[in-house]
Amino acid sequence: MSTSVKLAVVAVGLAFVGQAMAKDLTVISFGGANKAAQVKAYYDPFKKVSGINVVGGEYNGEMAKVKAMVDTKSVSWDVLEVESPELARGCDEGLFEKLDYSKIGNKADFVPGAAQQCGVGIFVWSTALAYNADKLKTAPTSWKDFWDVKKFPGKRGLRKGAKYTLEIALMADGVAPKDVYKVLATPAGVDRAFKKLDQLKPSIQWWEAGAQPPQYLASGDVVMSSAYNGRIADAHKEGKNLKVVWNGGMYDFDSWAIPKGSPNKDAAYKFIAFASKPENQKVYSQNIAYGPSNKLAVPMIDKKEMAELPTAPQNMKDAVKVDVGFWADYGESLEQRFNAWASK
Amino acid sequence: MMASSAPMPDHPLTTQDGVPLKTKLARAERMNKLKSLALVLPLALFLLLTFVVPIGSLLLRSVDNPEVVASLPSTVKAIGAWDGKSLPPEPVYRAVAADLIKARDDQTLGDLGKRLNMEVAGYRSLLGKTARALPFDPAPASYKDALVKLDERWGDPAYWQAIRRNGSAHTPFYLLAAVDHRVDDLGDITATTPDQAIYLDVFARTFWMSAVVTVISLLLAYPLAYLLVSLPTRKSNLLMIMVLLPFWTSVLVRVAAWIVLLQSGGLINSALMALGITDHPLQLVFNRVGVYIAMVHILLPFMILPIYSVMKGISPTYLRAAVSLGSHPFGAFWKVYFPQTVAGVGAGCLLVFILSIGYYITPALLGSPNDQMVSYFVAFYTNTTINWGMATALGGLLLAATMVLYMVYSKLVGAGRLRLG
């Protein structure tokens, strides 16, 4: 091949790449099994339908990077997966575009709380009561049973922190799931939660990482634990007889957001609309045990698979939406009090 | 100018060029000193740049308080005229509205909300809600009425006192919080409520646990060091390698190994149960016992090595002489041998104690919440809540406490008598 031909080939190639680059959509997620499911359900089919190539990237939720991009007006991420606290904060601080729902879909189709000003829910995950069905003769049915050390002897796992733990204590004390944050916002409610925790303190084994509860449960160190439902479903798939009690579960979303000033806004909207369609969310939930954020996806999913998802109607019935605003306001003082309580 | 070669008795000694010998000597000494100083200068500079300056600037963060002053400048100015009891006057309300609009546009609202939320829970959402509603259109006759109508919390003096308290770029807030104290609404320093108090306990626990670890290490290390010195070289070398081998292994690996050994279904518990010593597994890990076992194991070489090196230098003849002069062997040991090892014991204890104070990973992995030491909370504030003011305040206090202890110690034992080997 002569040099001029080579050059021509390179030039054509570059032109091609340039064109493709301009059209590429960069979608950033947290990686892992979650990303694999997203590639299958959203990235690849979206490319087929729209012709827009999706470049998948990963990050650890650090908002500093987003802030740097937005501040310097050099946004190279088009769509971003964020957790609820970061979504709320980033929305306040102006890091994300305010969404135009006419370009996404019908707000009423989403699970309550999924359609936010700056973000739209991708999936629902839940912190719920999990137990080892091989170790317990009778199945627990609520957080009240979690506190009943006579009927269910053995240690219990709880997350070492105020978040989730205080909500659980109140539910065990008879507070209805929908009133939990109302009670917890009063000093008397906080006292009540800690008093309830006092009763169980000798039997609690604390966990910090999401991988610990299924381990503790499988090894028999604890008989029940609060746990992230996805982790329990994974352990279940590996053949461990771990079960989830959905009554009193606390759910939250991971959401899509568009960093402010993204040059690819139209394609980003198209992608989010595509990923919010029930038929695509169905594929996602079949690949990982997180519930769809679009209610219309629920009837499409097989009943047996559905029973393991946080968004199944029977699982949502007595569940609590984690109140991000509450924790933004009271988090520091409650975590401090929790630390003081736990170290006594 | 004198040029005599023989010194006269009533004249000071001089050198050949007539300068008194004393001056000349001092000059030469000074030159030598300067030379040696020049030699250590690179090291001193290195220490200054990589040690003193970073630590110093980090410690300054514990009194740093830039958020309110930077984000609410006109409010801070206006609030000076307020008596601090009833509600502040109209200009303060007007100033806060203007400042919040600017803070929202500059995106400093997040930092401001985080800082004020530490003072009054709920401040963050109040600022967010207010900033979203601003600017008022049309401009109200009274910003006071408009803000209170928007959210009744603006009618509560506590929220204004929080701004007034933080009207300077420096604050004792973090340092006071690190010793369970705070400045109350009236500006007095008071103890925090019992349900929020934690750090005094944690400091006391840190020093107590370090002392226990030091004492156990000493009790184990002293006889072992003595054995090492008295054995023939070949055997003592072998033993020494066994002491040093774990020393070269990663701390994390050793901690993980202890979990495996000590857990309820672990090696030690199954052995005890097989031997019939207990009929149910003992709780050896995720409590204080587990932390002590692992910490002593990790820190033991730091106690053995200084004691060993000091013992190595003690001639056995002293002990023999004492015994041959009629002393009881134990008396001879206590009166003749032990005093000679004090320097090594002192160095070992200091080393182990100071290392223990900063322990983080071992209690974090092997202990329950009430076995955590100060470093755990430093890490908690650094990584989890990103509250660096609190992290540096705790770290700074720990550093100060360690320095005071070292001074007390060197007064008691004498720093000159420490020998690290």
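Our structure is the block above this text.
Residues numbered from 1 in each chain as written. Chains lettered and ligands numbered in written order. Predicted model: local features only at pLDDT ≥ 70, side-chain atom pairs only at ≥ 80, totals over all residues. Heavy atoms only, no water.

Let us look at the overall build of chain B. Within chain B one finds 19 helices and two strands. Over its C-alpha atoms chain B spans a radius of gyration of 32 Å, topping by over 25% the 22 Å that the globule rule assigns to 421 residues. In terms of overall dimensions, chain B has C-alpha extents of about 100 × 95 × 35 Å along its principal axes. The long-range fraction of contacts in chain B, counting pairs at least 24 apart against all pairs at least 6 apart in sequence, stands at 69%. On chain B, roughly 23200 Å² of surface is accessible, and the fraction owed to carbon and sulfur atoms is 69%. Within chain B, one finds 34 positive and 25 negative side-chain charges whose respective centroids are separated by 16 Å. (Helix = DSSP H or I, 4+ residues; strand = E, 2+ residues; numbered from the N terminus. Rg over C-alpha atoms; globule rule 2.2 N^0.38 Å. Contact = heavy atoms within 4.5 Å. Areas by Shrake-Rupley, 256 points an atom, 1.4 Å probe, with all protein chains shown as cover. Lys, Arg positive; Asp, Glu negative; His and termini not counted. Charge placed at Lys NZ, Arg CZ, Asp CG, Glu CD.)

Residue and element names in this part refer to chain A. On inspection of all chains with the given rule, the structure shows one disulfide over all chains. What pairs with C91 in a disulfide is C118, and their sulfur atoms sit 2.0 Å apart. One disulfide, between C91 and C118, carries an S-S torsion of 60° and so falls in the right-handed class. Placement of C91 in helix α4 (residues 84-92) and of C118 in the loop between α4 and β4 (119-132) is noted, with a sequence separation of 27 residues between them. Judged by relative accessible area, which is 13%, C91 ranks as buried. Under the relative-accessibility criterion, C118 is labelled buried at 1%. (Disulfide = S-S within 2.5 Å. Buried < 20%, exposed > 50% of the residue type's maximum accessible area, 1.4 Å probe, protein only.)

On to the pairing of strand β2 (residues 54-58) of chain A, then. Relative to β2(A), strand β1 (residues 25-29) of chain A runs parallel, the two sharing five bridges. Within β2(A), the residue paired with A:S29 across the bridge is A:E58. (Pairing = 2+ DSSP bridges.)

On to the environment of B:P66, then. All names here are of chain B. Position of P66 among the secondary structure elements: in helix α2 (residues 66-71). Under the relative-accessibility criterion, P66 is labelled partly exposed at 43%. Each C-alpha atom of the pair P66 and A379 lies 22 Å from the other, and the pair is 313 residues apart in sequence.

To describe a pair of aromatic rings, you give the distance between the ring centres and the angle between the ring planes. Scanning all chains against the criterion turns up 41 aromatic pairs over all chains. Between B:Y222 and B:F338, the ring centres sit 5.8 Å apart and the planes meet at 50°, which makes this aromatic pair tilted. Of this pair, B:Y222 sits in helix α10 (residues 199-230) while B:F338 sits in helix α16 (residues 329-357), placing them 116 residues apart in sequence. Of the aromatic side chains, those joined through ring pairs into one cluster are A:Y42, A:Y43, A:F46, A:F123, A:W256, A:F271, A:F274, A:Y284 and A:Y290. The ring of A:F146 has A:R156 lying over it, and the distance from NZ or CZ to the ring centre is 6.0 Å. Across the ring face of A:W341, the terminal group of A:K201 is positioned such that the distance to the ring centre comes to 4.5 Å. (Phe/Tyr/Trp six-rings, centres within 6.5 Å; stacked < 30°, edge-to-face > 60°. Lys NZ or Arg CZ within 6 Å of the ring centre and 35° of its normal.)

Contact with chain A, which involves 23 residues of that partner, is made by 28 residues of chain B. Between chain A and chain B the total buried area reaches about 2300 Å² when both faces are included, carbon and sulfur atoms providing 42% of it. Looking at the side of chain A facing chain B, the largest losses of area belong to A:D329, A:E332 and A:Q336, adding up to 25% of the total buried there. Between the two partners, chain A and chain B, sit two salt bridges. Where chain A meets chain B, there are 13 residue pairs in polar contact (both at pLDDT 80 or more). Where the side of chain A that touches chain B is concerned, the elements lending two or more residues are α3 (63-71), β6 (204-207) and α15 (324-342) of chain A. Tallying contributions element by element places α15(A) first for the side of chain A that touches chain B, with 10 residues. (Buried area = accessible area lost by both parts, 1.4 Å probe. Salt bridge = Lys/Arg side-chain N within 4 Å of Asp/Glu carboxyl O. Polar contact = N/O pair within 3.5 Å; in protein donor to acceptor, adjacent residues only side chain to side chain.)

Another point: the nonpolar core. Judged by nonpolar contacts, the single largest core of 77 residues is most densely connected at A:L25, A:Y42, A:L166, A:L197, A:W256 and A:F271. For A:Y42, the contacting residues outside a window of four places in its chain are A:I122, A:W256, A:F271, A:F274, A:A275, A:N280, A:Q281 and A:Y284. Within the second largest apolar cluster, 41 residues are counted, among which are B:A225, B:V291, B:M311 and B:A322. (Core = buried A, V, L, I, M, F, W, Y, C linked by side-chain atoms within 4.5 Å.)

By themselves these figures say nothing about function.
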